[in-house]
Amino acid sequence: MTAPVVALVGNPNAGKTSLFNALTGARQKVANYPGVTVERKAGTLTLPDGSRAELIDLPGAHSLEPRSPDEEVTRDVLVGAYAHERVPDAIIAVVDATNLASQLRFVLELKALGRPMVVALNMMDLAERDGFFIDYEALARELALPVIPTVAVRRRGLEAVIAAARDALNAAEISAIRSADAPAMLVEAIGDMRGHQRQARDIAAKVVSGGDANQMTRQIDRLVLHPVSGPVLLAVILFLMFQAVFAWATPFADAIEGAIGWAQGIVMTSLPAGPVRGFLTEGLLGGVGAVIVFLPQIVILFAFILVLEQSGYMTRAAFLMDRLMAGVGLSGRAFIPLLSSFACAIPGIMATRSIADPKDRLTTILIAPLMTCSARLPVYAVIIAAFIPDRTVGGLANMQGLVLFGLYAFGVVGALAAAWVLRLTVTKGAGGGFLMEMPKYQLPAIRDLAIGIWQRAWAFLRRAGTIILVSTMVLWVFASYPKAPDGVSQVDYSIAGRIGAGLEVVFAPIGFNKEISIALVPGMAAREVAVAALGTVYAIDADDEELLEVELADRLRGAWPLPTALAFLAWFVFAPQCISTFAVTRRETNGWRWPIFMFSYLFVMAYLGAGATYWISKWALGG
Ligand SMILES: Nc1nc2c(ncn2[C@@H]2O[C@H](COP(=O)(O)OP(=O)(O)OP(=O)(O)O)[C@@H](O)[C@H]2O)c(=O)[nH]1
Ligand SMILES: [Mg+2]
């Protein structure tokens, strides 16, 4: 017999994924805002008798009538709309105990599907904190379902949930359920929306007493959402974040840099000159090493983002930005996907599945790459370190941090401008309103934070060890051969140099030299590769001593005029993203049309942006 399938279903942000992770040992993304999970995820649940079940985590939904692509997934899984997938044999309905009154309706709807079901009354700790008293035994009687109080993040109530799920599976004649006509049950389940609503209200009135939903949350929000103090607070938080990225990272980055230099020294003294030594010092340590130096900055940036996500602040930021976003025809819903794009555009584009309106969603997908993904941080950081003085301005702000903040801001402004134009042309249509429940505030759990940071750091290092390493290796070969005769620059003479010379024709008008033109190509594989590529290209043309003594930033400072450096930064603010972004755009929009459009418009924006930066700064500097 195949293992039975159990699905976790419930309203957004009720704690389904937290429960899923606790029950299966998975580490799927959990965050304190609705719409985190947008696809079906499966794991294995071990039942008390040692047998196994497949546990499925689903996107949050409000009902079986989907309002957005992610809610559609939930409905389709429940009714078995996917040919290759079995209808779940049992449902664990996850309910946020502090929002029982509004979430019970969905539970009643699910119950009408006629599948064996267990209710996990989650977030009981918060219900207690807010002074609710919930008579869950009475609730079980009213629903005629087992109700288990749980605290997913403290692993409370897990055994009871598993036991109840097993009982539900055992009691049911599974084969009979499997053959039941799920779509017909669905029609019936949705049919009685009004009745469910009334019944939900009646039940909640009977079993919930006391409690002031979210009193603390309301008090904090008075400050955080205030028309004046709200935006000020948001600006302060963002300012601190970018300052910290430079200020706190420096000692760690210096240590990593030191270690790389030390390793280069060892390789040089212990290996004879030749391709192996060349690759190790110029490609691996000079190239990939130049990227790894930015690990501390990535970690700091993510620590900030994770704390903001977990605390519940992110949705408030979305709310504060809503006016601005509505002004360019975006819905407030677009905020979270755009915010995720600061990590990487790929999860950002996936997160647009929680946007109901198709044109709204398409616009958000198209502008997501303009949000500065973390892969661009190394690019910005190396140029800033080389060209922007490490000075304090106005007594408290570090200039490098300010410039970094400015670059992120440019990306956002570019995105808003692009959205505005798109909304008037290609994705014309009415914008949606702001429909998003505000999550309760919570202190982030240290363990979750640590896991989140570790996952990001590890993902970065893995990229360095795979895609960045391979691209750098290829580039090193192309830039090292054929061998140049004495007195001729190796890079100029190499294959990469000749390709670069060809590209330079295109890029010279915006101030780019041959080395930059070479670096842009592998930079398409992953942004950081541009840094690795510059590291490698300049290392190949440096002699041994120079390689050991001079850091990449200093080498760039010697080689580039300031307008070129600024144009290079501007290019990366707008430039078409990596190949993976186009691949995911193709998947989410079902075709090549939109990814090609995306590439083209970003290319034009980057070219014009970099060109304008180059010529204006050249003129301003009197060149
Ligand atoms: N205090 C407390 N917090 C919880 C509990 N369960 C989940 N959380 C928190 O609630 C937030 C939402 O949890 P998720 O597991 O992402 O919720 P979800 O139902 O999967 O949300 P979507 O995927 O957006 O539908 C996170 O910040 C969790 O840390 C709980 O029992 N008690
Ligand atoms: Mg989830």
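Residues numbered from 1 in each chain as written. Chains lettered and ligands numbered in written order. Predicted model: local features only at pLDDT ≥ 70, side-chain atom pairs only at ≥ 80, totals over all residues. Heavy atoms only, no water.

1. Structural notes on the coordination of the magnesium ion (ligand 2)
Selection rule: With water omitted from the atoms examined, metal sites may look incomplete; donors here are N, O and S atoms no farther than 2.8 Å from the metal, or 3.2 Å in the case of Na, K and Ca. Each helix is a run of DSSP H or I of at least 4 residues and each strand a run of E of at least 2, with the numbering of both proceeding from the N terminus. Whether a residue is buried, partly exposed or exposed follows from its accessible area with a 1.4 Å probe, protein chains only, as a fraction of its type maximum: under 20%, in between, or over 50%, in that order.
Within the protein, the atoms that donate to the magnesium ion (ligand 2) are T17 (OG1) and T37 (OG1), at distances of 1.9 to 2.0 Å. Separated by 20 residues along the polypeptide, T17 in helix α1 (residues 16–24) and T37 in the loop between α1 and β2 (41–46) bring together distant segments of the chain. Of the residues examined, T37 reaches a relative accessible area of 13% and is grouped as buried.

2. Focus: the packing of aromatic side chains
The criterion, for reference: Stacked, tilted and edge-to-face pairs are distinguished by plane angle, under 30 degrees for stacked and over 60 for edge-to-face with tilted covering the rest, among Phe, Tyr and Trp rings (Trp via its six-membered ring) whose centres lie within 6.5 Å. Each ring is checked for a lysine NZ or an arginine CZ that lies within 6 Å of its centre and within 35 degrees of its normal; such an atom marks a charge sitting over the ring.
Per the stated rule, a full pass over the model turns up 23 aromatic pairs. When the centroid spacing of 5.6 Å and the interplanar angle of 90° are considered together, the rings of W571 and F603 count as edge-to-face. Pair noted here: W571 is in helix α28 (residues 562–574) and F603 is in helix α30 (residues 593–620), with a separation of 32 residues, a long-range link. Here a set of aromatic residues connected by ring pairs shows up, and it is made of F387, F507, F512, W560, F568, W571, F572, F582, F599, F603 and Y607. Of note, K483 hangs over the ring of Y481, and the distance from its end group to the ring centre comes to 4.9 Å. Directly above the ring of W592 sits R586, whose terminal nitrogen or CZ lies 5.5 Å from the centroid.

3. Overview of unusual backbone geometry
Omega for the bond connecting Y481 with P482 falls within 30 degrees of zero, at -10°, which places this linkage in the cis form. One can find P482 in the loop between α21 (446–480) and α22 (490–493). Of note in this structure, R155 is not a glycine but carries a positive phi near 60°. Locating R155 in the fold gives a position in the loop between β7 (147–149) and α6 (158–171). Of the residues examined, R155 reaches a relative accessible area of 52% and is grouped as exposed. Even without a glycine there, the phi angle at N590 is positive, about 55°. Relative to the elements of secondary structure, N590 occurs in the loop between α29 (579–589) and α30. Given the relative accessible area of 70%, N590 is considered exposed.

4. As for the side chain of S340
So the rule is basically this: We call two residues in contact when some of their heavy atoms are within 4.5 Å.
Tracing the backbone through its elements, the reader meets S340 in helix α16 (residues 335–340). Among the residues examined, S340 registers a relative accessible area of 15% and is labelled buried. In contact with S340, not counting residues within four places along its chain, are Y33, P347, G348 and A351.

5. What to know about the domain arrangement of the chain
What counts is decided by this rule: An automatic or database domain assignment supplies the start and end points of every domain. Throughout, the accessible surface (probe 1.4 Å) given up by two parts as they are put together, summed over both, is called the buried area.
On domain assignment, one finds that the chain holds domain 1 (5–213) and domain 2 (235–620). A straight line from the C-alpha centre of domain 1 to that of domain 2 covers 40 Å. Taken together, the contact between domain 1 and domain 2 spans 23 residues of the former and 26 residues of the latter. Summed over both sides, the interface of domain 1 with domain 2 buries roughly 2000 Å², with 49% coming from carbon and sulfur. It is R27, N32 and Y33 in domain 1 that bury the most area against domain 2; as a group they hold 32% of the surface buried on that side.

6. Quick look at the sheet that holds β7
We apply this condition: Between any two strands, at least two bridges found by DSSP are needed for them to pair. Only C-alpha atoms enter the line fits that serve as axes; for helices the fit covers just the stretch in contact. Angles between N-to-C directions range over 0 to 180 degrees.
Strand order in the open sheet formed by six strands is β2-β3-β1-β4-β5-β7, with mixed pairing between adjacent strands. In this open sheet, the two strands that pair with only one neighbour each are β2 and β7. Adjacent strand axes in the sheet meet at a mean angle of 25°, parallel and antiparallel pairs treated alike. Two elements, strand β4 (residues 90–96) and strand β5 (residues 117–122), share six bridges in a ladder whose sense is parallel. Within β5, the position partnered with I91 by the bridge is M117.

7. A closer look at a nonpolar patch on the surface
Put simply, the rule reads: Candidate patch residues must exceed 30% relative accessible area and have no salt bridge, after which like charges are joined if within 9 Å and Val, Leu, Ile, Met, Phe, Trp or Tyr side chains if within 5 Å. For the area figures, the Shrake-Rupley method with a 1.4 Å probe applies, and any residue is considered shielded solely by the protein chains shown. By convention in these notes, a salt bridge is any Lys or Arg side-chain nitrogen within 4 Å of a carboxyl oxygen on Asp or Glu.
Together, V470, M473, V474, V477, F478, Y481, I495 and I499 make up an exposed nonpolar region whose accessible area comes to about 640 Å². Contributing elements (two or more residues each) for the nonpolar patch: α21 and α23 (495–507). Within the secondary structure layout, M473 lies in helix α21.

8. Focus: a negative patch on the surface
Formally: All tallies of charge rest on Lys and Arg as positive and Asp and Glu as negative; His and the ends of each chain are not included. Taken as the charge location is NZ of Lys, CZ of Arg, CG of Asp or CD of Glu.
Together, D543, E545, E546 and E549 give the surface a local cluster of negative charge. Looking at where E546 falls in the secondary structure, it is placed in helix α26 (residues 544–549).

9. Overview of the site of ligand 1
To be explicit about the condition: Near is defined per residue: the residue qualifies when any heavy atom it owns lies within 4 Å of the molecule or strand. Each polar contact in these results corresponds to two N or O atoms within 3.5 Å; when the atoms are within protein, one needs to be able to donate a hydrogen and the other to accept it, and residues that are neighboring in sequence are counted only if both atoms are side-chain atoms. In the scheme used here, Gly and all other residues not listed as nonpolar or charged are polar, with Ala, Val, Leu, Ile, Met, Phe, Trp, Tyr, Cys and Pro taken as nonpolar and Asp, Glu, Lys and Arg as charged.
The full set close to ligand 1 counts 25 residues, and K16, T17, S18, T37 and D125 are the nearest of them. One nitrogen or oxygen atom from the main chain of V36 is found 2.8 Å from an oxygen atom belonging to ligand 1. When ligand 1 sits alone it has 660 Å² of accessible area, and the protein chains cover 99% of it. Per-element tally for the shell around ligand 1: the top contributor is α1, with three residues. Here the shell around ligand 1 is built from residues that sort into twelve nonpolar, eleven polar and two charged.

10. As for the pairing of β2
As defined by bridge partners, β2 adjoins strand β3 (residues 52–57) across six bridges and the pair is classed as antiparallel. Residue L45 lies in a different strand from β3, and its bridge partner there is A53.

11. Quick look at the UniProt feature "domain: FeoB-type G" (unreviewed entry) in the chain
Basically, it comes down to this: UniProt positions are given in the numbering used here, feature names are shortened, and annotations may be inferred rather than shown by experiment.
UniProt tags residues 3–171 as "domain: FeoB-type G" (unreviewed entry). From the first C-alpha to the last, residues 3–171 spans 16 Å; its make-up is 36% helix and 22% strand.

12. A look at the packing of helix α18 (residues 358–367) against α30
Spelled out, the test is: Reported orientations rely on four angle classes, namely roughly parallel under 35 degrees, roughly antiparallel over 145, roughly perpendicular from 65 to 115, and oblique for the rest. Left-handed describes a crossing whose near helix is turned anticlockwise from the far helix through less than a right angle; right-handed describes the clockwise counterpart.
Taken N-terminus to C-terminus, the directions of α18 and α30 make an angle of 45°; their axes are 10 Å apart at the nearest point. Between α18 and α30, the angle falls in the class oblique. α30 is crossed by α18, and the crossing has right-handed handedness. Contacts between α18 and α30 involve L362, I365, L366 and I367 from the first element and W594, F597, M598 and Y601 from the second.

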